[in-house]
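# Structural features, examined
What follows is the residue order along each chain.
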Amino acid sequence: MRIGFDAKRLFHNFTGLGNYSRSLLSNLSQYANEDWELHLYSPKLSSHARVQEFLDKPYHRHTGKGVLWRSRGISKDLQKDGIDIYHGLSHEIPLRVGEKGIKSIVSMHDLIFLHHPHLYPFIDRKIYNWKFKYAAKHADKILAISESTKADLIRFYQTAEEKIEVLYQACDEQFYQLNPQEVNRQVLDRHQLPKEYLLYVGSIIERKNLLGLVKAIEMLPTDLQIPLLVLGEGKAYKQKVQEYIARNKLEKLFVFCEGVPFSDFPAIYQEAKSLIYPSHFEGFGIPIIEALWSQTPVITSHTSSLPEAGGPDSLYIDPKKVEEISKAIERVLTDPARAKYMQEKGAAYVKRFHGKLLTEQLVNIYKSL
């Protein structure tokens, strides 16, 4: 069988959708005991270190020309290449791909733009809605990355429930093993990071609510105000957060980490007192399972898919209530028994998101088509 993948974000996106694409393909090549050809389609390739695996291994790589190639022209290439199944890894599939005799699957991550339209420009909402709705209607199978996303597909697009399979995300396998503490300390020293800290991982955008977290730390008793490391990038909202920090003279409590290689992330997770992920809405929440693999207590929101990722023993807060975030942090920092319980239970829960188990489910879905 020949399976084609929309690999644009695999090669060019180094946050959520790109991480999803790389993990899915890497796990498929490692764990699927099938003699399948895997074809990667992208407008252009990349030489970034995190995609080297996909340049070195025997994937079939294809590029195309024109801004509409991924939506229109690619169908002819798929037919020419003898593709049996095309997997759109991020919400969209080519137009009329089914007319070429090719089965299609689409991964649907979230419909956040329908829940929080004020966060998206008008034209972006229109484009997203058209592409997502088309894919949901015309794909032979939909992979929702959470039960929350599945419910949204049924609610907003009236998608038939039997057409949707929930297939959770795996994270990069570098998080599966704990490092010796001396290795972690070397990483912290190399980046001149504090020995005790809280952790935020993710894009610095309004929806992910870093400003709410800043205010929650500001509310902590002085003796509990340890630094927050921020691993992520942002623009206007990041500036807004930093202006608040400066205006309230809180600079010593916040470290914005720039230029940290992805290979150092496990060490930083493993040494954190807690990952705090107070997002208003997520399709899944990969930093949560990265933290659970790292045996780091998780504080996150009770909204959308986040309880699915965090499991029954993480601490949940209302992201709109700064006081709740602050109290949850205080609980983790002052109750070692609770923190240890969260570490142990989280490490057991997260095994359901192992790449091997998720790949077995994916293989069965491909075979069903």
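Relevant structure appears above.
## Side note on the packing of aromatic side chains
A complete count under the given rule lists 16 aromatic pairs for this structure. Centre to centre, the rings of phenylalanine 113 and phenylalanine 132 are 5.3 Å apart; their planes meet at 85 degrees, and the pair counts as edge-to-face. In this pair, phenylalanine 113 sits in helix α5 (residues 112-115) while phenylalanine 132 sits in helix α6 (residues 122-138), placing the two residues 19 residues apart along the sequence. There is no split in this pair, since phenylalanine 113 and phenylalanine 132 are both buried. Each ring, one from tyrosine 120 and one from tyrosine 128, has its centre 6.1 Å from the other, and the planes form 85 degrees; the classification is edge-to-face. Residue classification places tyrosine 128 among the partly exposed positions, given a relative accessible area of 30%. Of the aromatic side chains, those joined through ring pairs into one cluster are Phe113, Tyr120, Tyr128 and Phe132. The residue whose ring lies beneath arginine 50 is phenylalanine 262, and the NZ or CZ to ring-centre distance is 3.8 Å.

## Let's talk about the nonpolar core
If you look at soluble globular proteins, the nonpolar side chains tend to sit buried side by side. Core analysis: the largest hydrophobic core is formed by 62 residues, its most contacted members being Phe5, Leu25, Leu199, Ile268 and Tyr366. In terms of residues, this core owes the most to one element, helix α12 (residues 286-293), which gives six residues. With 31 residues, the next largest nonpolar core counts Leu210, Leu220, Tyr244 and Ile299 among its residues.

## Overview of the pairing of strand β10 (residues 254-257)
Every other side chain in a regular strand lies on the same face of the sheet, so the side chains alternate between the two faces. With four bridges joining them, strand β9 (residues 228-231) and β10 adopt parallel strand pairing. Bridged to leucine 229 within β10 is valine 255.

## Focus: the sheet that holds strand β3 (residues 60-62)
The strand order across the open sheet built from seven strands is β3-β2-β1-β4-β5-β6-β7, with neighbouring strands paired in parallel fashion. One side of each edge strand has no neighbouring strand; the edge strands of this open sheet are β3 and β7 (164-166). Averaged over neighbouring strand pairs, the angle between their axes works out to 20 degrees when direction is ignored. Where strand β5 (residues 103-108) lies against strand β6 (residues 141-144), four bridges are found, and the strand directions are parallel. Its bridge partner being in β6, serine 107 is matched across the sheet by leucine 143. Helix-sheet contacts for helix α2 (residues 16-31) involve β1 (2-6), β2 (37-41), β4 (85-88) and β5, and the interaxial angle to β2 is about 160 degrees.

## Some thoughts on the packing of helix α9 (residues 210-219) against helix α10 (residues 236-247)
It is at 9 Å that the axes of α9 and α10 come closest, and there the two elements cross at 15 degrees. With respect to α10, the axis of α9 lies roughly parallel. The handedness of the crossing between α9 and α10 comes out as right-handed. Contacts between α9 and α10 involve Leu210, Leu211, Val214, Lys215 and Glu218 from the first element and Tyr237, Lys240, Val241, Tyr244 and Ile245 from the second. Of the residues belonging to the contact of α9 with α10, the class tally is seven nonpolar, no polar and three charged.

## Description of unusual backbone geometry
With a phi close to 55 degrees, glutamine 192 is a non-glycine residue in the positive phi region. Within the secondary structure, glutamine 192 sits in the loop between α8 (181-190) and β8 (198-201). The phi torsion at glutamine 295 lies on the positive side, around 55 degrees, for a residue other than glycine. With relative accessibility at 34%, the residue glutamine 295 sits in the partly exposed group.

The rules we used
Residues numbered from 1 in each chain as written. Predicted model: local features only at pLDDT ≥ 70, side-chain atom pairs only at ≥ 80, totals over all residues. Heavy atoms only, no water. Phe/Tyr/Trp six-rings, centres within 6.5 Å; stacked < 30°, edge-to-face > 60°. Helix = DSSP H or I, 4+ residues; strand = E, 2+ residues; numbered from the N terminus. Buried < 20%, exposed > 50% of the residue type's maximum accessible area, 1.4 Å probe, protein only. Lys NZ or Arg CZ within 6 Å of the ring centre and 35° of its normal. Core = buried A, V, L, I, M, F, W, Y, C linked by side-chain atoms within 4.5 Å. Pairing = 2+ DSSP bridges. Axes fitted to C-alpha atoms, helices over the stretch in contact; angles between N-to-C directions. Contact = heavy atoms within 4.5 Å. Parallel < 35°, antiparallel > 145°, perpendicular 65-115°, else oblique. Left-handed = near helix turned anticlockwise from the far one by under 90°. Nonpolar A, V, L, I, M, F, W, Y, C, P; charged D, E, K, R; others polar.

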